[in-house]
Amino acid sequence: VQLQASGGGLVQAGGSLRLSCAASGRTMSNYVMGWFRQAPGKEREFVAGITWNGARTNYVDSVKGRFTISRDTAKNTVTLQMNSLKPEDTAVYYCAVDRRRASQIVTESSEYSYWGQGTLVTVSS
């Protein structure tokens, strides 16, 4: 299984970016998918997750109302729409798959089995 994340870049505060993650090798449509991020000198943190059918989502408090996670099971992709970006959103963003769960979104990175390579998001003030 390979996860390919894309869409990162440099944006000014208040701007938007859309991250995409494409899975190949096997379908991820039966599992929870999530986005994590890691800023320099900090631990990796959960950002958003979505259940197998997209019925439920979960977000870290700091991004609620600004970020939206969605998935296209037919295309085996998950996206993260990020609006009203802030300098503190600067990090490397990773997509991940929790292949042990379909309907429960957990926030611990250790529970996720497959990881993308990361895409850098830089928000300037």
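Quick caveat: nothing in here was measured; it's all calculated off a predicted structure.

## Focus on the overall build of the chain
Phase 1: The secondary structure content of the chain amounts to zero helices and 11 strands.
Phase 2: The linear arrangement of helices and strands in the chain, starting from the amino end, is β-β-β-β-β-β-β-β-β-β-β.
Phase 3: Here the C-alpha radius of gyration of the chain, 13 Å, is about what a compact globule of 125 residues would show, namely 14 Å.
Phase 4: The buried share among the 125 residues of the chain stands at 43%.
Phase 5: Taking the intrachain contacts of the chain between residues at least 6 apart in sequence as the baseline, contacts between residues at least 24 apart amount to 59%.

## Quick notes on the sheet that holds strand β7 (residues 67–72)
Phase 1: Spatially, β1-β3-β8-β7 is the arrangement adopted by the four strands of the open sheet, whose pairing is antiparallel. Unpaired on one side and paired on the other, β1 (2–6) and β7 mark the two borders of the sheet. With direction set aside, neighbouring strand axes in the sheet form an average angle of 15°.

## A look at the nonpolar core
Phase 1: Judged by nonpolar contacts, the single largest core of 30 residues is most densely connected at Trp-35, Val-47, Phe-67, Ile-69, Leu-80, Met-82 and Tyr-93.
Phase 2: At the level of secondary structure, the elements contributing two or more residues to this core comprise β1, β3 (17–24), β4 (32–38), β5 (45–50), β7, β8 (77–82), β9 (91–98) and β11 (119–124).
Phase 3: With residues up to four places along the chain from it excluded, the contact list for Ile-69 reads Met-33, Gly-34, Trp-35, Ala-48, Gly-49, Ile-50, Thr-57, Tyr-59, Val-78, Thr-79 and Leu-80.
Phase 4: If you look at the next biggest cluster of nonpolar residues, it comprises seven residues, including Val-32, Phe-46, Ala-96 and Val-106.

## A few points about unusual backbone geometry
Phase 1: Phi at Asn-76 is positive, roughly 60°, even though this residue is not glycine.
Phase 2: Examined against the element boundaries, Asn-76 turns out to sit in the loop between β7 and β8.
Phase 3: Even without glycine at this site, Ser-84 takes up a positive phi of about 50°.
Phase 4: Secondary-structure assignment places Ser-84 in the loop between β8 and β9.

## Description of the packing of aromatic side chains
Given two aromatic rings, one states the distance between the centres and the angle between the planes to describe the pair.
Phase 1: Taken as a whole, this structure holds five aromatic pairs when the rule is applied.
Phase 2: Plain terms: the ring middles of Tyr-94 and Trp-115 are 6.4 Å apart, the flat faces sit at 80° to each other, and that makes the pair edge-to-face. A residue pair is termed long-range when its members are at least 10 positions apart, and Tyr-94 in strand β9 and Trp-115 in strand β10 (residues 114–115) qualify at 21 residues.
Phase 3: Relative accessible area serves as the criterion here: at 27%, Trp-115 is assigned to the partly exposed category.
Phase 4: Linked through ring pairs, Phe-36, Phe-46, Tyr-94, Tyr-112 and Trp-115 together constitute an aromatic cluster.
Phase 5: A cation over a ring is seen here: Arg-44 above Tyr-94, with NZ or CZ 3.9 Å from the ring centre.
Phase 6: Taking the ring centre of Trp-115 as reference, the NZ or CZ of Arg-44 above it sits at 4.7 Å.

Rules and cut-offs
- Residues numbered from 1 in each chain as written.
- Predicted model: local features only at pLDDT ≥ 70, side-chain atom pairs only at ≥ 80, totals over all residues.
- Heavy atoms only, no water.
- Helix = DSSP H or I, 4+ residues; strand = E, 2+ residues; numbered from the N terminus.
- Rg over C-alpha atoms; globule rule 2.2 N^0.38 Å.
- Buried < 20%, exposed > 50% of the residue type's maximum accessible area, 1.4 Å probe, protein only.
- Contact = heavy atoms within 4.5 Å.
- Pairing = 2+ DSSP bridges.
- Axes fitted to C-alpha atoms, helices over the stretch in contact; angles between N-to-C directions.
- Core = buried A, V, L, I, M, F, W, Y, C linked by side-chain atoms within 4.5 Å.
- Phe/Tyr/Trp six-rings, centres within 6.5 Å; stacked < 30°, edge-to-face > 60°.
- Lys NZ or Arg CZ within 6 Å of the ring centre and 35° of its normal.

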